Structure formats: structure tokens, C-alpha cells
Amino acid sequence: MKYEIIEKSYDETTDIFELLDYTESKFFEITSFKFKKEFETVQSIVLQAIDKIKKNASLNNKFSGIPYGFFKIDEITSGLQNYDLIIFAARTGIGKTAFILSIANNRIVYL
């Protein structure tokens, strides 16, 4: 059921600690299902890394990932990597949304 946690949280008879355990178990189910991956040997990972380095070197690409489109950020991060979790945080009204839209716009031009 899609709204089980919400329904249980509105039920006044539900114990808060049971609800927390239930919610945590549901989140664990979601993450373990989504990110379940087979094990890889160190040798295969190293070979993949070497292939990626060779590919980037042959393209004369300055960055190992996809460039953000902002020179200083690209210089520091080597572009967007496929394993990155990026969190943009700042006070309200600082321009987070505009910045992210600029990155998206740069990617459309890049692709």
C-alpha cells in the first residue's frame, strides 16, 4: 500500500517507536532493493578505471566527468561523476534553483 506510513502516523493508537521501526524497515527495503548490486573483484574495478582513464586521455578531455559548465567548479571537481551525490544548500533567496537550472542548461548544450 502506497500510504501505509502516513496512515499509521495519523493513527493515535500507534506507538511512536513501533512506527519508527516500521518506517525504518520500509526505507531499508526500498534502498536494499534499489541499490542491490553484485560484487565485483578489485581487478575488474581497476581495469574499468584504467579503461576510463585511457578513454579520457584519448579524447584530450580535461575532466573525467561531464563538465558543469562553470570553469572553477569543473576545475575543482573534474565535472559531474556518475557516483556523485550532490547537495546544494544555502539560505533562502541565494539562487540555488537558478544555479541548478544554469547547470541543466549547460548540460543541454553539452549533450
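Residues numbered from 1 in each chain as written. Predicted model: local features only at pLDDT ≥ 70, side-chain atom pairs only at ≥ 80, totals over all residues. Heavy atoms only, no water.

Caption draft 1: Local environment of the overall build of the protein chain. Counting its secondary structure elements, the protein chain contains five helices and zero strands. Listing every helix and strand of the protein chain by position from the N terminus yields α-α-α-α-α. Across the 111 residues of the protein chain, 12% fall into the buried class. Here the contacts in the protein chain between residues at least 6 apart in sequence split such that 29% fall between residues at least 24 apart. Accessible area of the protein chain: about 9,900 Å², with a carbon and sulfur share of 63%. (Helix = DSSP H or I, 4+ residues; strand = E, 2+ residues; numbered from the N terminus. Buried < 20%, exposed > 50% of the residue type's maximum accessible area, 1.4 Å probe, protein only. Contact = heavy atoms within 4.5 Å. Areas by Shrake-Rupley, 256 points an atom, 1.4 Å probe, with all protein chains shown as cover.)

Caption draft 2: Layout of a negative patch on the surface. On the surface, Asp15, Glu18, Asp21 and Glu24 cluster together into a patch of negative charge. Residue placement: Glu18 occurs in helix H2 (residues 16-34). (Patch = residues over 30% accessible without salt bridge, like charges linked within 9 Å, V, L, I, M, F, W, Y side chains within 5 Å. Salt bridge = Lys/Arg side-chain N within 4 Å of Asp/Glu carboxyl O. Lys, Arg positive; Asp, Glu negative; His and termini not counted. Charge placed at Lys NZ, Arg CZ, Asp CG, Glu CD.)

Caption draft 3: Quick look at a nonpolar patch on the surface. A cluster of nonpolar side chains, Val42, Val46, Leu47 and Ile50, forms an exposed patch at the surface whose accessible area comes to about 340 Å². Here Ile50 lies in helix H3 (residues 42-58).

Caption draft 4: Examining the pattern of salt bridges more closely. Per the stated rule, a full pass over the model turns up one salt bridge. Glu75 serves as the salt-bridge partner of Lys72, at 3.8 Å between the closest nitrogen and oxygen. Remark: Glu75 and Lys72 occur in helix H4 (residues 71-77); sequence separation between them is three residues, near one turn of the helix.

Caption draft 5: Examining the packing of aromatic side chains more closely. Scanning the model with the defined rule gives two aromatic pairs in all. Where Phe70 meets Phe99, the ring centres are 5.2 Å apart and the plane angle is 35°; that geometry is what we call tilted. Here Phe70, found in the loop between H3 and H4, pairs with Phe99, found in helix H5 (residues 96-110); they are 29 residues apart in sequence, far enough to count as distant. The exposure class of Phe99 is partly exposed, given its relative accessible area of 24%. With a centroid separation of 5.2 Å and an interplanar angle of 70°, the aromatic rings of Phe88 and Phe99 are classed as edge-to-face. Here Phe88 is found in the loop between H4 and H5, whereas its partner Phe99 is found in helix H5, with 11 residues between them in sequence. (Phe/Tyr/Trp six-rings, centres within 6.5 Å; stacked < 30°, edge-to-face > 60°.)

Caption draft 6: Fine view of the environment of Asn105. By secondary structure assignment, the location of Asn105 is in helix H5. Relative accessible area serves as the criterion here: at 44%, Asn105 is assigned to the partly exposed category. Separated by 36 residues in the primary sequence, Asn105 and Gly69 place their C-alpha atoms 9.0 Å from one another.

Caption draft 7: Structural context of unusual backbone geometry. The phi torsion at Ser78 lies on the positive side, around 65°, for a residue other than glycine. Examined against the element boundaries, Ser78 turns out to sit in the loop between H4 and H5. Accessibility expressed as a relative area gives 27% for Ser78, which makes it partly exposed.

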